[in-house]
Amino acid sequence: MTKIITVGLGPRAYAIHVGNGLIEDAGTLLKPFARGPLPVVTDNTVGEIHLAKFLEVLGRAGLDARPIVLPAGEGSKSFSGLQTLCGELLETGVDRGGLVVAFGGGVIGDLTGFAAGVLKRGIAFAQVPTTLLAQVDSSVGGKTAINAAQGKNLIGLFHQPRLVIADTGLLATLPRRQVLAGYAEVAKYGALGDAQFFEWLEQNAKLALAGDGAAMVHAVAHSCQMKADIVARDERETGERALLNLGHTFGHALEAATGFSDRLLHGEGVAIGMALAFRLSVQLGLAPEQDADRFIRHLKAIGLPSTIGDIAGPRPDADSLIGHMGHDKKVSDGKLTFILLRRLGEAFVTTEVPRAALRDVLSA
Ligand code: NAD
Ligand code: GLY
């Protein structure tokens with residue numbers, strides 16, 4: 001039941017293995033890339049639940065695994081987190097021909113990829129993602145970063161992994177809210193470029209989210225295939241890769257307005273952001289209303305938020321959200337970039353969004 005997807009980047013091409021229970025094979029899969037000590041970076045939550053098993057399979061393959069456990073949470077994606085990690089990586093004695101393994105969610109993947117990218121001017125790394133968000137998005141494509149006081153993910157580099165191993169079985173221990181937040185990124189792929197996949201999700205997502213192994217493997221593998229294809233065509237986001245930011249201009253503004261707190265997880269912000277992108281597209285006469293309604297109906301059916309009013313606590317107002325959008329990485333020549341929809345399954349990039357329409361959608 002394992003699916004293998006290739007990210008076609010020429011000499012830097014790599015495989016994404018997706019399967020239920022795949023952790024059992026992780027040692028064999030990693031062995032050809034490893035040399036000498038093998039740092040395995042994780043956070044304390046994943047560490048408590050899954051590290052012993054992971055170390056056992058690595059040991060069985062004869063690998064010299066050296067666990068490094070960091071505090072769970074976005075706080076580790078910081079200069080001080082990077083400093084701690086680089087120090088610990090150097091202590092393992094890993095050299096330039098070695099491999100570093102990121103075993104965790106997007107926080108561990110982004111931080112470890114960045115540290116590996118700068119350590120000794122670049123060491124190879126592998127991603128073993130343990131959240132749905134990391135399996136369908138952050139572990140693929142080579143974006144790595146830490147956060148700055150000025151904003152999220154502002155300090156980083158492109159550093160592609162050598163291998164990605166996504167075991168959907170690991171998602172069984174992920175809190176439901178985190179699973180749903182990751183699912184927003186799965187629905188994103190259907191909305192931005194594959195109406196047939198969206199239809200499949202309408203019929204099968206509940207099954208996948210209820211623990212059906214085959215359905216979840218298909219959802220993750222298809223998402224990875226779509227991302228791999230886009231990344232292979234536009235690694236550095238000079239064009240098409242920007243479509244992967246569907247819902248993110250709105251989502252990041254909502255995350256900023258709610259203080260990057262537990263009030264709104266990243267994927268929840270993306271879910272509301274995608275609904276707002278659909279509503280804005282309808283308001284501008286670009287997309288049919290029934291497509292927006294259908295997409296939003298699906299978010300609701302899955303249990304994801306779809307309006308600003310769904311966020312607990314005081315409602316962020318339109319002007320403060322537009323202010324936050326002005327600080328987005330995607331602002332160019334002072335213009336906000338939006339990913340809008342022509343229909344369900346077809347997104348496009350634009351900087352031509354009238355402020356009045358934006359304000360209306362953010363106030364509705
Ligand atoms: P995360 O890494 O913080 O994980 C969420 C929580 O789940 C953490 O508390 C973690 O300890 C816990 N956890 C992880 N796996 C678990 C498991 N199997 N069982 C139980 N608990 C588990 O968050 P995330 O949502 O995976 O990633 C968010 C990060 O990803 C953000 O920093 C975001 O900027 C980044 N991101 C990067 C990209 C990219 O392309 N590089 C894309 C999207 C998001
Ligand atoms: N998460 C968006 C990207 O990788 O481009």
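Each residue is numbered by its place in its chain's sequence as written, counting from 1. Numbering of ligands from 1 and lettering of chains from A proceed in the order in which they are written. Per-residue local features are limited, in this predicted model, to residues with pLDDT of at least 70; the limit for side-chain atom pairs, both in listing and counting, is 80 or more; totals at the level of whole chains, interfaces and linings are taken over all residues. Excluded from the side-chain calculations are hydrogens and water; all other atoms, namely the structure's heavy atoms, are used.

**Q** Provide a residue-level description of the site of ligand 1, including the pertinent values.
**A** Any residue with a non-hydrogen atom lying within 4 Å of a molecule or strand is treated as near it. If you check the shell around ligand 1, you find 25 residues, and the closest are Asp-43, Gly-106, Thr-130, Thr-131 and Thr-173. What qualifies as a polar contact is a pair of N or O atoms within 3.5 Å, subject to a donor-acceptor requirement within protein and to the restriction that residues adjacent in sequence count only when both atoms come from side chains. Asp-43 places a side-chain nitrogen or oxygen 2.7 Å from an oxygen atom of ligand 1. Calculation on ligand 1 without its partners gives an accessible area of 870 Å², and the protein chains cover 89% of this total. Put simply, DSSP marks the helices as runs of H or I at least four residues long and the strands as runs of E at least two long, and each gets a number from the N terminus on. Of all elements in the fold, only helix H2 (44-60), helix H4 (106-118), helix H5 (132-138) and strand E8 (151-158) reach the threshold of two or more residues within the shell around ligand 1. Surface accessibility follows the Shrake-Rupley procedure with a 1.4 Å probe radius. Residue values consider only the protein chains on display as shielding.

**Q** Got a sec to walk through the site of ligand 2? Specific residues and values, please.
**A** For ligand 2, the full set of nearby residues is Asp-137, Lys-143, Lys-227, Glu-237, Arg-241, Leu-244 and Asn-245. Between ligand 2 and the protein, one listed contact pairs a nitrogen atom with a side-chain N or O atom of Asp-137 at 3.0 Å. Residue Lys-143 places a side-chain N or O atom 2.8 Å away from an oxygen atom belonging to ligand 2. Here ligand 2 loses 88% of its free accessible area of 200 Å² to cover by the protein chains. Nonpolar residues are Ala, Val, Leu, Ile, Met, Phe, Trp, Tyr, Cys and Pro. Charged residues are Asp, Glu, Lys and Arg, and all others, Gly as well, are polar. The residue makeup of the shell around ligand 2, split by class, is one nonpolar, one polar and five charged.

**Q** Explain the sheet that holds strand E9 (residues 163-167) residue by residue, including any values.
**A** If you walk across this open sheet you meet the seven strands as E1-E2-E9-E6-E5-E3-E4, and the pairing is mixed. Each of the sheet's edge strands pairs with one partner strand only, and the pair in question is strand E1 (3-7) and strand E4 (64-70). Each strand axis lies, on average, 20° off the axis of its neighbour in the sheet, ignoring direction. Contacts between helix H3 (residues 79-92) and the sheet are confined to strand E3 (37-43), E4 and strand E5 (99-104), with E4 contributing the most and set at about 160° to the helix. Two residues form a contact once any of their heavy atoms are found within 4.5 Å. Inter-axis angles, ranging from 0 to 180 degrees, are taken between N-to-C directions of lines fitted to C-alpha atoms, where helices are fitted over the stretch in contact. Running over the sheet, helix H8 (residues 213-233) touches E1 and strand E2 (14-19) and is turned about 15° from E1. Only when DSSP finds a minimum of two bridges between them are two strands counted as paired.

**Q** Would you mind going over the pairing of E1 in detail, with residue names and values included?
**A** Sheet analysis places E1 next to E2, joined by five bridges and oriented antiparallel. Following the sheet pairing, Val-7 is matched in E2 by Tyr-14. Between the antiparallel neighbours E1 and E2 lie six residues, among them Gly-10 with a positive phi of about 55°.

Interpretation in functional terms is not warranted from these geometric data alone.
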